[in-house]
Every structure is written in structure tokens, then in C-alpha cells.
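Topology and contacts: notes
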Amino acid sequence: MPYNNNLMPLECFYRWEKETPDKVFLRQAKKLQWREYTWREVADRVRRLASYIRAQELPPGSSICIFSANCADWFVVDLAIMLTGHVSVPLYPGQDLDSAAYIIEHSESRMLFLGAFDQSAQFRDVIKTTIPSVGILGCTTDCDEELEAVIERSEPYTESPIPDPNAVFTMLYTSGTTGRPKGVMHMNKTPATVVTGMKQSFKRGLKEERFFSFLPLAHAGERIVIEMMSLYVNPSVSFSEGLDTFAEELRSVQPTLFFAVPRLWVKFKAAVDAMIPPEVQAGFGEEEKAKVRWQLGLSEADFVITGSAPAPKDVQQWYIDLGIYVRDGYGMTENFIDGCIWSTDDAPTPGCVGKPMGHGRVKLTEAGEICFKSEGLMLGYYKNPEKTAEVIVDGWYHTGDSGVFDENGNLWVTGRISEVFKTSKGKFVRPSDLEDHFNHVTLLEQLCVFGHGEDQPRLLANLSQLSGSMARQDVVEALEQARLSINAGLANHEKVSRIIVTEKEWTIDNGLLTPTMKLKRKALL
């Protein structure tokens, strides 16, 4: 099949199945050993599963949910759904069951593929659906079928249909920061334009590539940067068995491209700081830095991305100083993450998201709201035309984020417009600005500034690992000194009146973070 930039994901699958059948595509970890699947093996599994799905005689374009942690089976299931012309609906493995039940019902899903997910033990007690279910790797939930049994008894589907470019191939549900998740519909033709543009922007496919998949594939960033990109670049894609072995697995893979969210970049740095005092790190030469890069598993990662939420500037700078150019990517589920990122030709500036990638365009409204227009724009929110019309105006997607351009045309995201609050003195405060100042306080980990209708802003936070070796009074005094020092450089109406420390970490499980690790500010307050 001749290569061109207009191949849809399923056509890429056909291409590699034919041209590189013996190349390893997927690698699944188990007890630090790797089970490798060539394209021939992956294609055989996909086609056998496609025969099974077709035998269910679902209505054309039916929604099919995938509720699982990342694994090689996840890719197989997704490709089989594409091959049968149906619509994949991924669920976060950390999704609460109330939201999961809503998505399954709202999307009108006709099948479930269940793997490892956080609340699997309660799934059947909470979600009473009777739609057919298939268990994949890691599944502990009662299912009608098991994937291996289905594959073993099914004959491969032999046809290779070309999908309708304008048909929906996936619905990605938003994380639901402020309400019920919304189903974002994307068409088969979208990756053909957007991902090929990213491939060129990221300079991928110029050598043998190794990807490592561990962020939830329900997350638009992971789904597009890792799974969709893999169909255009043809790397090997390795899947972690879990948190206990993650670090060692990452070291063994040494991926060439890597994507993580700020929370993980903070944790990686904290782990290094716990082993090597920062004052010792300050004297590192290139040889010592190279050892740390290898220990992190990033010695060969020449394109490294952070996204989903703002990364602390000092943390990002720490990686840059180490020789790991962490690039802040900024895009949305609604535009297939066809937003902004620092190019490979420029060293990133911490806190700045750079310029549009690919063929996308960005502008600011008079109110400073960031808007995007590109081929990646969603078809709309499923069964929600009113909300669709609210966010897409004259072909521009209105993000709800505020931003500014610098003198070089680079975009700086300054926060959510809806999160700006007014104090009792009538002054407006942007929480993200103050949180950025306090991100430099090493004793603090998670931060949330609030204060609507109050005299002064306050800071809700929890403590980092560094506080564990300190006496309580020493922690209190250090935090108070940090508060006063930061306040000295702030306008009077921005000065933080007090720091309130919570005992527990804010997590997805306790409802204080969304599945994409964004703060649920209302829940926190």
C-alpha cells in the first residue's frame, strides 16, 4: 500500500500488517519479563476479535466501552472495534463507578471490555447492566467471555474495509471537572491530518522508536500521542505491569518519546531529591547528569512532553538543567490535542506552551480567552448540541482558558476564566498565578488557592515527602516564613492570609482529582 499522509488509523494498521509483519509492535510486562507481539500476531488477534464482535450483530456504529488499565489487549480491542466500524468509548481505570455507569448509559454502549480498574470488585454491585462483556488482561470482574477464549475459537476476519472518513470512530468523555462528563465525538479522518502533523512537528519516525504507555488511554493525550502516533510511526509500544515495577520497566525500555502529567514529573524529581541532596546535584557535570537520566529511564528520550495541567516552573527547569527537555503541550480533548507545544528546534521556556503545532491556529478573544481552529475539532458533544454550540463559535473552539502571547508569539496559559474570584475588597485574583509562586515551596506538594468573597486569598495544600523528617513546629515555622517571603512580592489584594494543610493526599479515589489529575476545586473547598 503506497504511503501517504491521508491514511486513517485503520489503513495504517493494514499497512504495517502487510509491510512489517515480523516487527515487534506491542510488549507486555509481567514480572519484569516481556511478552512481545509482532504485527502478524497483533493483526491475527485483532481480526479474530473482530469476527467475534461482528457475530454479535450490533447496529452499525454502536458504542463499545473499554474499561481497563493500559495493556497490549487495550490496543487489540480498540483496533478490532475500528475494524468492525463501531465506536470505542474508553473509561479511565480510576473512574468512579457513578461516572462509569453514566457514561455506559449515556453513550448507549452495546458491549463492554473489562480489564484491571480501581473499583472492579464493586463493579457488578453498582453497575447493573446486562450488555455483553469480555474480560481482557487483568480482569477480576465476572464477564460473559474471556478474550483469550474468544480469540482461540474465532476465525480471523479477512476483509480490510476502508472506513468512512466522516464517521465517528471514538467518543472520548471529558474528565468532568465541573459536572457530568461530555462525550467528545471524533471522526476517522481526524488522525489522518492531526497525527501526521504531530509526527512531523515531533520529528518522529526518523529512527527506530520505542514508546512506553502508562497514562490512562482514556486520556486524550495518551490515546493520541502514544496509540494514534504509534499507528503512524510504527514503534514498539511497551506496557507496564503496574506501579511496583514501573520504574524498573521504564529503565529497561529507555523510550525515545515520553509523555507524563505534572504530578508524575514532581514525583520523579522528589525521588531523585530523596536520594541525592539538591546541593549535591548543583555540582553535577554531564557524566553525573547522564546517570540520573538513565536511572529515570529517559536517557534516550529526545521528545518529552508534559500536559493535562500546568507543570511547576521550577520542576520543569530542573529537568531542563538535567538535559531532559520537558515540553509543555497544550491541547484539549475537543480539538484532538491539536494545540500548542515547543518545537524540537527550540529549548522550552518553563510555564510557556509555545506555538501551534501542525496546521492549527490559535487566537485570543477580547476577554483573553484562548480559542483554537484546526482539522482536529470535534464533531460535537454526543447528544448535547446546546453545549456544542456554546463552545464552538464560527468554527473556533472556545477553551475557557485565559492566556497571553509574548513578544515572540508564544502562548502563555494564565488559568481558567471561571476560576478567577473576587475578594470582599472587590479585587480579582487568579488562583493559578498565586499557586505558581507557592509551587517553589519544597515542603508543599498539592496546592489550591481560594478566597471568593473573603478579605484575602488563602492556600489549601498538603505536605511533600520532605516534611516527613521534620518536627511539626519546624514545618509550621518554615511554611510561615515562606508565606511571608512570597507575600512580600505580591500586590496587597493577592497576599495569602494563611496556609491550611490537609492531612491526606488529594486523589482520584477520594474525589478530589479528576481522572486526568486536575483539581476538583469545589470538592476541595
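Structure shown above.
Residues numbered from 1 in each chain as written. Predicted model: local features only at pLDDT ≥ 70, side-chain atom pairs only at ≥ 80, totals over all residues. Heavy atoms only, no water.

1. Section: helix H3 (residues 72–83)
For the α-helix, the turn length of 3.6 residues means that residues three or four positions removed from each other point alike. Taking 1.5 Å as the rise per residue, H3 with 12 residues should run 16 Å; its terminal C-alpha atoms sit 17 Å apart, in good agreement. Counting buried positions along H3 gives 12 out of 12 residues, so the element sits mostly inside the fold. All buried positions along H3 are accounted for by Ala72, Asp73, Trp74, Phe75, Val76, Val77, Asp78, Leu79, Ala80, Ile81, Met82 and Leu83. Of the residues flanking the end of H3, it is glycine 85, one or two places downstream, whose phi is positive at about 80°. (Helix = DSSP H or I, 4+ residues; strand = E, 2+ residues; numbered from the N terminus. Expected span 1.5 Å × (residues − 1). Buried < 20%, exposed > 50% of the residue type's maximum accessible area, 1.4 Å probe, protein only.)

2. Structural notes on the sheet that holds strand S1 (residues 24–30)
Hydrogen bonding along the main chain pairs the strands of a sheet, whether they run parallel or antiparallel. Taken in spatial order, the 4 strands of this open sheet run S2-S1-S11-S10, and their pairing is mixed. Across the chains shown, the open sheet's two edge strands, defined by having one partner strand only, are strand S2 (33–38) and strand S10 (210–213). Adjacent strand axes in the sheet meet at a mean angle of 20° when their direction is disregarded. Here S1 pairs with strand S11 (residues 236–239) via 3 bridges, running parallel. (Pairing = 2+ DSSP bridges. Axes fitted to C-alpha atoms, helices over the stretch in contact; angles between N-to-C directions.)

3. Digging into the pattern of salt bridges
Going through the model one piece at a time under the given rule, you end up with 27 salt bridges. For arginine 48, the salt bridge goes to aspartate 44, with nearest N and O atoms at 2.9 Å. Placement of both arginine 48 and aspartate 44 in helix H2 (residues 39–55) is noted, with a separation of 4 residues, approximately one turn of the helix. On the accessibility criterion, aspartate 44 (30% relative accessible area) is partly exposed. (Salt bridge = Lys/Arg side-chain N within 4 Å of Asp/Glu carboxyl O.)

4. Regarding the nonpolar core
With 93 residues, the main nonpolar core has Leu26, Leu49 and Trp265 as its most contacted residues. When residues in this core are grouped by element, the largest group, 10 residues, is from H3. Once you skip the residues sitting within four places of it in the chain, leucine 26 turns out to touch Arg35, Glu36, Tyr37, Val42, Ala72, Phe75, Val76, Val237 and Phe239. Among the nonpolar cores identified, the runner-up in size contains 21 residues, and Val87, Leu91, Leu97 and Ala100 belong to it. (Core = buried A, V, L, I, M, F, W, Y, C linked by side-chain atoms within 4.5 Å. Contact = heavy atoms within 4.5 Å.)

5. Overview of the packing of aromatic side chains
Within the structure shown, the criterion is met by 19 aromatic pairs. Relative to phenylalanine 303, the ring of phenylalanine 202 has its centre 4.3 Å away and its plane inclined at 20°; by these criteria the two rings are stacked. Of this pair, phenylalanine 202 sits in helix H7 (residues 189–202) while phenylalanine 303 sits in strand S13 (residues 303–306), placing them 101 residues apart in sequence. Each ring, one from phenylalanine 246 and one from phenylalanine 268, has its centre 6.1 Å from the other, and the planes form 20°; the classification is stacked. Within this pair, whereas phenylalanine 246 is found in helix H9 (residues 243–253), its partner phenylalanine 268 is found in helix H10 (residues 262–275), the two being separated by 22 residues in sequence. Taking relative accessible area as the criterion, phenylalanine 246 reaches 9% and is therefore assigned buried. Through a chain of ring-to-ring contacts, the aromatic side chains of Phe212, Phe214, Phe246, Phe258, Trp265, Phe268, Trp318 and Tyr319 assemble into a single cluster. It is arginine 35 that lies over the ring of tyrosine 37; its NZ or CZ is 4.0 Å from the centre. (Phe/Tyr/Trp six-rings, centres within 6.5 Å; stacked < 30°, edge-to-face > 60°. Lys NZ or Arg CZ within 6 Å of the ring centre and 35° of its normal.)

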